[in-house]
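# Examination of the molecular architecture
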Amino acid sequence: MTDIGNEVSHSLFISDLHLCASRPAIIKAFINFLQNTASKAERLYILGDLFEYWAGDDDIDHADHAEIIHALKLLSESGTKLFFIHGNRDFLINDQFSKAANIKILPDPSEINLYGKRVLISHGDNLCTDDKDYQAFRKQVRMATWQAEFLSHPLNARKSQIESLRLQSEHAKSNKSQKIMDVNNEAVFAMMRQHQYPQIFIHGHTHRPNNHRMIIDEHLCQRIVLGDWYEHGSCIRLDETGLYNQFITI
Ligand code: MN
């Protein structure tokens, strides 16, 4: 591991930025974060919902996206390794985006080894198993056949369809209880068991930042929930001495 600018080697984790043209301050804060904070990190992990929505990789040239992709590429060229896990908003991010931004797409969940610790990372929407309607929708839209059919439509038509789906989803969410939209504990335990009890599990999606310490089958695990980027940015730093919260002013 290399020391960058006399800093201790560390990795950063973020999610749920929901970048979109209607919130230019967040885009500015994110680019500033890439240039001044993430540039000092060894690795940056973006755990989904980087964008408010992603209609397909043929949208990478759009001015709003090009600026962000360029900033990611510059960061990777400066030496920070970039990784991405799909969120429920940007699961259509694919190879073209990955190449343009020089960011590696990882499966959800992924197990990584950092600073002597086993860390599991995920977006987290697959843990919300109490929301049966959402899980059925997720299963459908993650199928290659569904995606190929959707992507065969013109970009503008896809964007309009996503806009109308978002309205329906906002309406559905207002009728769902907070508990249904949170992670299901059994689903968390099952995932931790499947991955032989990683010491740290980091995910986003629920917008309920927290550090849950738990004992599963006599193994001590920490489940870190990342915060969203609305009032301020939220980032978790991991180095050999532990985990730290970093707030990013917007
Ligand atoms: Mn999400």
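Owing to the predicted nature of the structure, the values given are computational and were not obtained by experimental measurement. (Residues numbered from 1 in each chain as written. Predicted model: local features only at pLDDT ≥ 70, side-chain atom pairs only at ≥ 80, totals over all residues. Heavy atoms only, no water.)

So, on to the packing of helix α1 (residues 24-36) against helix α2 (residues 63-77). At a closest axis distance of 9 Å, the pairing of α1 and α2 adopts a crossing angle of 10 degrees. Classified by the angle between their axes, α1 and α2 sit roughly parallel to one another. Contacts between α1 and α2 involve Ile27, Phe30, Ile31 and Leu34 on the former and, on the latter, Glu67, Ile68, Ala71, Leu72 and Leu75. A breakdown of the residues in the contact of α1 with α2 according to their chemical character gives eight nonpolar, no polar and one charged. (Axes fitted to C-alpha atoms, helices over the stretch in contact; angles between N-to-C directions. Helix = DSSP H or I, 4+ residues; strand = E, 2+ residues; numbered from the N terminus. Parallel < 35°, antiparallel > 145°, perpendicular 65-115°, else oblique. Contact = heavy atoms within 4.5 Å. Nonpolar A, V, L, I, M, F, W, Y, C, P; charged D, E, K, R; others polar.)

The next subject is the sheet that holds strand β7 (residues 200-203). Read from one edge of the open sheet, five strands run β5-β6-β7-β9-β8, paired in mixed fashion. Looking at the sheet topology across the chains shown, the edges are occupied by β5 (110-114) and β8 (210-216). The sheet shows a mean angle of 25 degrees between the axes of neighbouring strands, direction not considered. Here seven bridges tie β8 to strand β9 (residues 219-225), and the two strands are oriented antiparallel to one another. The partner of Arg213 across the bridge, within β9, is Gln222. Strands β6 (117-122), β7, β8 and β9 of the sheet are contacted by helix α7 (residues 185-194), whose axis makes an angle of about 65 degrees with β8. (Pairing = 2+ DSSP bridges.)

Under the criterion given, the structure shown has eleven aromatic pairs. Ring centres of Trp54 and Phe97 lie 5.3 Å apart, and the angle between their planes is 75 degrees; on these two criteria the pair is classed as edge-to-face. Of the two residues, Trp54 sits in the loop between β2 (43-46) and α2 while Phe97 sits in helix α3 (residues 95-101), which places them 43 residues apart along the sequence. Here Trp54 matches Phe97 in class, with each residue buried. Here the aromatic rings of Trp146 and Phe150 are separated by 5.0 Å at their centres, their planes lie at 10 degrees, and the arrangement is stacked. Of this pair, Trp146 and Phe150 both sit in helix α5 (residues 144-151), separated by four residues, roughly a single helical turn. Taken together, the ring pairs in this structure connect Phe13, Tyr45 and Phe83 into an aromatic cluster. The cationic tip of Arg23 hangs over the ring face of Tyr230; the distance from NZ or CZ to the ring centre is 4.0 Å. (Phe/Tyr/Trp six-rings, centres within 6.5 Å; stacked < 30°, edge-to-face > 60°. Buried < 20%, exposed > 50% of the residue type's maximum accessible area, 1.4 Å probe, protein only. Lys NZ or Arg CZ within 6 Å of the ring centre and 35° of its normal.)

Next up on the list: the coordination of the manganese ion. Those donors, Asp49 (OD), Asn88 (OD1), His123 (NE2) and His205 (ND1), are the protein atoms that reach the manganese ion, and they lie 2.1 to 2.3 Å from it. In primary-sequence terms, the residues that donate to the manganese ion follow D-x38-N-x34-H-x81-H. Of the two residues, Asp49 is situated in the loop between β2 and α2 and His205 in the loop between β7 and β8; the sequence distance between them amounts to 156 residues. Asp49 gets classed as buried once you look at its relative accessible area, which sits at 1%. (Donors = N, O, S within 2.8 Å, 3.2 Å for Na, K, Ca; no water.)

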